[in-house]
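Observations on the three-dimensional arrangement
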Amino acid sequence: MAVPTVSSEPKTTTHGLFSLPVIVAALGYFVDIYDLLLFGIVRVPSLKDLGLTPDEISTVGASILNWQMGGLLLGGILWGVLGDKRGRLSVLFGSIITYSIANVACGFVADVTFMSPTTYYALMRFVAGIGLAGELGAGITLVSEVLPKEKRAIGTSLVAGIGLFGAVVAYFTVQLFDWKMAFFVGGGLGFGLLLLRVGVVESGMFTDVSEQKHVNRGDFLSFFTNTNRLVRYLKCIGIGLPTWFVIGILATFSNEFGRAFGIAEEIQPGLAIMWCYVGLAAGDLASGFISQALASRKKGVALLMSLALVFSLVYLYAGVSSSTMLYGLCLALGFGIGYWAMFVTIGAEQFGTNLRATAATTVPNMVRGLVIPMTLTYQALKPSLDVINAGAVVGLISFAIGLYSTLTIPETHGKDLNYLEE
């Protein structure tokens, strides 16, 4: 049940699109994406340097990715609860320190002698995943609460659109240096970002609620104690599934799809991921304006998701015959899943101020965590169905859930966020 906050004179103030909270959130997401996608980009070269065979690179690489995603799943809950209990800024500081340290540690994986290097790699990606889980949800929550509702969609789109170019920088960092230096650069960017965050102030909506001692904040289990709230929460997660099907299956394992398509040139997953994120950044920048033009979050998301579905079918079954076609489809697929910022914004807007950070932080990380069953299903189905059809089965399930969730979730365009969940 939603009830308005009881503060008679709320401290909530609004900011402009290019105010410090928006800029810092965008730069924070830039570093977050750099570090989040870095393993996918360096997976093949780093594991080759550790002496793994092509088959081991596929299986061990998927396992390490799953450890990272598991960290995101756990971290999403931890940071989400902390964001509602201690404030949005506590998450923005704590998460970046955690993943910056972990990324520096990943740069030393080839020098590890006290345990198996691949085990160490998996553990460090798990810790990095925990840290990375807090950045987007806390940033989107803060921006959603400090911007006027008329600018909220555009503001969150700017955050994601700018931030997603971190994947492009990650790719070229690896090309210019090597995978070890790319991890060190990621850690350095994170520590540099901490200095920018000093001047950011807390959300006024959170400050109002934090002074109401009777309000229960950050109760993750409350999503499961009310049927209406649980359904909204699950649908928020469902909306995001196609995004990580595209990133976690079609782009990350693009080298396997390339071989299955009979493409002579070896496909580079890092390059496929980069082009996917170029499209994703463009889609995210567009999604806010599309949402405003249609006066509907749901219609904007459904439009872009439908595009992603069409491009996924083309990718899998249209007879891709060259690396150029494959990378071009990754760009198009990225634009189709460019509703990522809108999806996280919907998660923030569905719930009251006392649960907003918990929702906005856990929802995208639940989606990221679901990459684990996606990759396990894909790997399990490959021997019997082949690479292409195994990917198609995972995609069919993802898009069916995504479209149903989008069409049936409550609309939040123009919604006043200054209320509580009771």
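What comes next concerns the included structure. (Residues numbered from 1 in each chain as written. Predicted model: local features only at pLDDT ≥ 70, side-chain atom pairs only at ≥ 80, totals over all residues. Heavy atoms only, no water.)

1. Things to note about the packing of aromatic side chains
Considering all chains together, one arrives at 18 aromatic pairs under this definition. A ring pair is formed by Tyr233 and Phe351, whose centres lie 6.4 Å apart and whose planes are at 70 degrees; its orientation type is edge-to-face. Residue Tyr233 is located in helix 10 (residues 227-251), and its partner Phe351 is located in the loop between helix 15 (340-349) and helix 16 (356-369); the two are separated by 118 residues in the primary sequence. Exposure remark for Phe351: the relative accessible area of 0% places this residue in the buried category. Ring geometry for Trp340 versus Phe343: centroids 4.9 Å apart, planes at 45 degrees, classification tilted. Here Trp340 and its partner Phe343 are both found in helix 15, 3 residues apart, which amounts to about one turn of the helix. Each of the two residues, Trp340 as well as Phe343, counts as buried. (Phe/Tyr/Trp six-rings, centres within 6.5 Å; stacked < 30°, edge-to-face > 60°. Helix = DSSP H or I, 4+ residues; strand = E, 2+ residues; numbered from the N terminus. Buried < 20%, exposed > 50% of the residue type's maximum accessible area, 1.4 Å probe, protein only.)

2. Some details on unusual backbone geometry
Here Ala295, not a glycine, exhibits a phi torsion of approximately 55 degrees, which is positive. For Ala295, the position within the fold is in the loop between helix 12 (269-294) and helix 13 (297-317). Ala295 sits in the partly exposed class, given a relative accessible area of 45%. Of note in the backbone geometry, Asp386 takes a positive phi value of approximately 80 degrees without being a glycine. Here Asp386 is to be found in helix 17 (residues 371-408). For Asp386, a relative accessible area of 37% translates into the label partly exposed.

3. A look at a nonpolar patch on the surface
Taken together, the side chains of Phe172, Leu176, Phe177 and Met181 present a nonpolar region at the surface, about 450 Å² in accessible area. Structurally, Phe172 is set in helix 7 (residues 166-176). A residue is classified by how much of its surface remains accessible, and Phe172, at 43% relative accessible area, is partly exposed. (Patch = residues over 30% accessible without salt bridge, like charges linked within 9 Å, V, L, I, M, F, W, Y side chains within 5 Å. Areas by Shrake-Rupley, 256 points an atom, 1.4 Å probe, with all protein chains shown as cover. Salt bridge = Lys/Arg side-chain N within 4 Å of Asp/Glu carboxyl O.)

4. A word on the side chain of Asn365
Relative to the elements of secondary structure, Asn365 occurs in helix 16. Reaching out from Asn365, the side chain makes a polar contact with the backbone oxygen of Ala133 at a distance of 2.7 Å. Separated by 3.0 Å, the side chains of Asn365 and Arg368 make a polar contact. Here Asn365 is in contact with Leu72, Leu73, Gly76 and Ala133, once residues within four sequence places are set aside. (Polar contact = N/O pair within 3.5 Å; in protein donor to acceptor, adjacent residues only side chain to side chain. Contact = heavy atoms within 4.5 Å.)

5. Thoughts on the pattern of salt bridges
Going through the model one piece at a time under the given rule, you end up with 4 salt bridges. Of the charged contacts in the structure, one is a salt bridge between Lys382 and Glu256, with a shortest N-O distance of 2.9 Å. In this pair, Lys382 sits in helix 17 while Glu256 sits in helix 11 (residues 254-261), placing the two residues 126 residues apart along the sequence. The residue Arg297 makes a salt bridge to Glu349 at a minimum N-O spacing of 2.7 Å. Of this pair, Arg297 sits in helix 13 while Glu349 sits in helix 15, and the two are 52 residues apart along the sequence.

6. Looking at the nonpolar core
Tyr121, Trp244, Phe257, Tyr277, Tyr315, Leu326 and Trp340 are the most contacted members of the largest nonpolar core, which has 125 residues in total. Residue contributions to this core peak at 15 residues, all from helix 1 (residues 20-49). Leu326 has contacts with Ser254, Gly258, Phe261, Ile263, Ile267, Tyr315 and Val320, leaving out every residue within four places of it along the chain. (Core = buried A, V, L, I, M, F, W, Y, C linked by side-chain atoms within 4.5 Å.)

7. Topic: helix 16
The terminal C-alpha atoms of helix 16, which comprises 14 residues, lie 20 Å apart, in line with the 20 Å expected from a rise of 1.5 Å per residue. In terms of burial, helix 16 is largely enclosed, as 14 of its 14 residues are buried. (Expected span 1.5 Å × (residues − 1).)

8. What to know about the packing of helix 2 (residues 54-85) against helix 17
For the pair helix 2 and helix 17, the least separation of the axes is 9 Å and the interaxial angle reads 160 degrees. Viewed along their axes, helix 2 and helix 17 adopt a mutual orientation that is roughly antiparallel. The handedness of the crossing between helix 2 and helix 17 is left-handed. Contacts from Ser58, Ala62, Leu65, Asn66, Met69 and Gly70 of helix 2 reach helix 17 at Val371, Ile372, Thr375, Leu376, Gln379 and Lys382. The residue makeup of the contact of helix 2 with helix 17, split by class, is 6 nonpolar, 5 polar and 1 charged. (Axes fitted to C-alpha atoms, helices over the stretch in contact; angles between N-to-C directions. Parallel < 35°, antiparallel > 145°, perpendicular 65-115°, else oblique. Left-handed = near helix turned anticlockwise from the far one by under 90°. Nonpolar A, V, L, I, M, F, W, Y, C, P; charged D, E, K, R; others polar.)

9. Re the side chain of Ser58
Turning to its location among the elements, Ser58 is positioned in helix 2. Relative accessible area serves as the criterion here: at 11%, Ser58 is assigned to the buried category. Sequence-distant contacts of Ser58, defined by excluding residues within four places in its chain, comprise Arg43, Phe253, Glu256, Gln379 and Lys382.

10. A look at the environment of Cys276
Relative to the assigned elements, Cys276 resides in helix 12. Residue class for Cys276 comes out buried when judged on its relative accessible area of 1%. Along the primary structure Cys276 and Leu329 are separated by 53 residues, whereas in three dimensions their C-alpha atoms are 8.2 Å apart.

11. Considering the packing of helix 16 against helix 17
Between helix 16 and helix 17, the least distance of the axes is 4 Å, while the angle of their chain directions is 15 degrees. Considering the angle they form, helix 16 stands roughly parallel to helix 17. Here Val367, Arg368 and Gly369 of helix 16 lie close against helix 17, whose contacting residues are Val371, Ile372 and Pro373. For the contact of helix 16 with helix 17, the residue count by class is 4 nonpolar, 1 polar and 1 charged.

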